[in-house]
Amino acid sequence: MKILITGVHGFVGSNLVEYLKGDNEIYGLDIVSPEKDGIVKTFSWEDMERSFAGAHDDKIDFDAIIHLAGKAHDTKNKSAAEVYFKVNTGLTQKIFDYFLASETKKFVFFSTAKAAADRVEGVLTEDVVPAPVGPYGESKIKAEEYILSRISDKDSSASHGMTGDKQVYIFRPCMIHGPGNKGNLNLLYNVVRKGIPWPLGAFENRRTFTSVENICFAVNGVLTKDVPSGIYNMGDDEALSTNELIEEICKSLGKKAHIWRLPKGLMTGIAKIGGWLLLPLNPLRLQKLTENYVSSNEKIKKALGIEKMPVDARKGLQRTLESFR
């Protein structure tokens, strides 16, 4: 297949290139264009703008588009809301319109679990009524709504280039991790590596993580199989508590876990002070580290005809943690 990946040089994009390059021609769309094994060419946004306008001399007919490019969640809350909507919503609209007007058959959009719910009671499924909080999740759900509205607009489907053989997938992954990933997991790893005791042991929680290897497996699955269009949660099979995550980090370091169960009220107060003083532990980070956020991956597994994701949650985390060393 000829596959276009937007945001191809990012973390997930780079992993997808490695996973898909053996059997496919991979093209990229990104703000940077380093030469990378497995990528035939990286287009600039200016290239694609001309292509959108029908003025590109060497237009390529792609078999699939994987839309990864977007504005990531800023945990420090320093990004203006309009930036999220300009990139996550506006750019997605433009790429999806290009897809509809093209001969491309498959479109994969990477949304986020946060587009469905900021907090989860019980288990998150695809049929939840979306209730995002904040511009990151809100901009992603607006992008989803645009895609779904264009698919369901049957009366004008012909004028939009929509045909019955196009398939569209919206993925809602929970926190993605893997070798080379830099994020909250890396911050947590560095805290534990320094021998600092974990003070949030009193918070009992469970949350779903997503190994990038399982992401790649699922993307390849929808590209190569006849999977129904729709929204799919993405996550590993087993949900882990933060305390279990600390234990996994200590296991990778060959250390004994030091978990303190300090009063929740005390730690909540310290996080508030941390927010005022711009310290690493602030209310948002405390929420992320201690919240329950369990997402069901049963729908995507059923669609792919499997009982288990290929990478076990704990083994996937160990691979990520080993890369931090």
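Residues numbered from 1 in each chain as written. Predicted model: local features only at pLDDT ≥ 70, side-chain atom pairs only at ≥ 80, totals over all residues. Heavy atoms only, no water.

## Examining the overall build of the protein
In terms of helices and strands, the protein carries eleven helices and eleven strands. For the protein, the C-alpha radius of gyration of 20 Å lies close to 20 Å, the compact-globule estimate for 325 residues. Going through the 325 residues of the protein one by one, you find that 50% of them count as buried. Across the protein, the fraction of contacts at a sequence separation of at least 24, relative to all contacts at a separation of at least 6, is 75%. With the model as given, the accessible surface of the protein reaches about 15,500 Å², and the carbon-plus-sulfur share is 54%. Between the mean site of the 43 positive side-chain charges and the mean site of the 41 negative ones, the protein shows a separation of 7 Å. (Helix = DSSP H or I, 4+ residues; strand = E, 2+ residues; numbered from the N terminus. Rg over C-alpha atoms; globule rule 2.2 N^0.38 Å. Buried < 20%, exposed > 50% of the residue type's maximum accessible area, 1.4 Å probe, protein only. Contact = heavy atoms within 4.5 Å. Areas by Shrake-Rupley, 256 points an atom, 1.4 Å probe, with all protein chains shown as cover. Lys, Arg positive; Asp, Glu negative; His and termini not counted. Charge placed at Lys NZ, Arg CZ, Asp CG, Glu CD.)

## With respect to the pattern of salt bridges
Two side chains bearing opposite charge may form a pair once their charged atoms approach each other closely. The full count for this structure, using the stated rule, is 17 salt bridges. Of the charged contacts in the structure, one is a salt bridge between E248 and K251, with a shortest N-O distance of 3.4 Å. Of this pair, E248 and K251 both sit in helix α7 (residues 242-253), three residues apart, which is roughly one turn of that helix. Linked by salt bridges that have partners in common, R206, E238, E244, E248, K251 and R314 make up one network. (Salt bridge = Lys/Arg side-chain N within 4 Å of Asp/Glu carboxyl O.)

## Quick word on the nonpolar core
In a soluble, globular protein the nonpolar side chains are often hidden away together inside. In this structure, I5, L16, I66, F110 and F171 are the most contacted members of the largest nonpolar core, which totals 30 residues. For this core, the leading source of residues is helix α6 (residues 212-224), giving seven residues. Dropping the residues within four chain positions of it, I66 is found in contact with I3, L4, I5, T6, L16, L20, V108, F110, V219 and L223. Counting 24 residues, the second-largest nonpolar core is a separate cluster that includes W45, F107, F109 and V168. (Core = buried A, V, L, I, M, F, W, Y, C linked by side-chain atoms within 4.5 Å.)

## Some words on the packing of helix α5 (residues 184-193) against α7
Direction vectors running N to C along α5 and α7 enclose 60 degrees, while the axes themselves pass 10 Å from each other. Considering the angle they form, α5 stands oblique to α7. Considering how the two elements wind past one another, α5 and α7 form a crossing that is right-handed. When α5 is examined against α7, the residues L185, L188, Y189, V192 and R193 are found in contact with a partner set consisting of L245, I246, I249, C250, S252 and L253. Looking at the contact of α5 with α7 residue by residue, the classes come out as nine nonpolar, one polar and one charged. (Axes fitted to C-alpha atoms, helices over the stretch in contact; angles between N-to-C directions. Parallel < 35°, antiparallel > 145°, perpendicular 65-115°, else oblique. Left-handed = near helix turned anticlockwise from the far one by under 90°. Nonpolar A, V, L, I, M, F, W, Y, C, P; charged D, E, K, R; others polar.)

## Side note on the packing of aromatic side chains
Counted according to the given criterion, the structure contains ten aromatic pairs. Ring centres 6.5 Å apart and planes at 85 degrees place the aromatic pair F43 and F62 in the edge-to-face group. You can see F43 sitting in strand β3 (residues 39-43) and its partner F62 sitting in the loop between α2 (45-52) and β4 (64-67), a full 19 residues away along the chain. On the basis of relative accessibility, which here comes to 4%, the residue F43 falls in the buried class. Owing to a relative accessible area of 4%, F62 belongs among the buried residues under this scheme. When the ring of Y169 is compared with that of Y232, the centres are 6.4 Å apart and the planes differ by 45 degrees; the resulting orientation is tilted. Of this pair, Y169 sits in strand β7 (residues 167-173) while Y232 sits in strand β10 (residues 230-234), and the two are 63 residues apart along the sequence. As far as the burial class goes, Y169 and Y232 line up, both buried. Grouping aromatic residues by their ring pairs yields a cluster made of Y27, F43 and F62. When the ring centre of Y84 is taken as origin, the NZ or CZ atom of K71, which lies over that ring, is 5.8 Å away. (Phe/Tyr/Trp six-rings, centres within 6.5 Å; stacked < 30°, edge-to-face > 60°. Lys NZ or Arg CZ within 6 Å of the ring centre and 35° of its normal.)

## Quick notes on helix α1 (residues 11-20)
Of all the positions in α1, only V12, G13, L16, V17 and L20 are classed as buried. The arc that holds every buried residue of α1, seen down its axis, measures 140 degrees, which confines them to one face. (Arc of directions from axis to C-beta.)

## Re the sheet that holds β3
What links the strands of a sheet is backbone hydrogen bonding, and the strands pair in either a parallel or an antiparallel sense. Pairing in this open sheet of seven strands is parallel, and the strands run β3-β2-β1-β4-β5-β7-β10 from one edge to the other. With one partner strand each, in any of the chains shown, β3 and β10 form the two edges of the open sheet. Going across the sheet, the axis of each strand differs from the next one's by a mean of 20 degrees, ignoring polarity. Sheet topology note: the strand β1 (residues 2-6)/strand β2 (residues 25-29) ladder contains five bridges and is parallel. (Pairing = 2+ DSSP bridges.)

## Some remarks on the confidence of the model for the protein
Averaged over all residues, the pLDDT of the protein is 90; the fraction at 70 or higher stands at 92%. Segment residues 154-163: pLDDT under 50, and nine contacts once partners within four positions in sequence are set aside and those in other chains are kept. (pLDDT = per-residue confidence, 0-100.)

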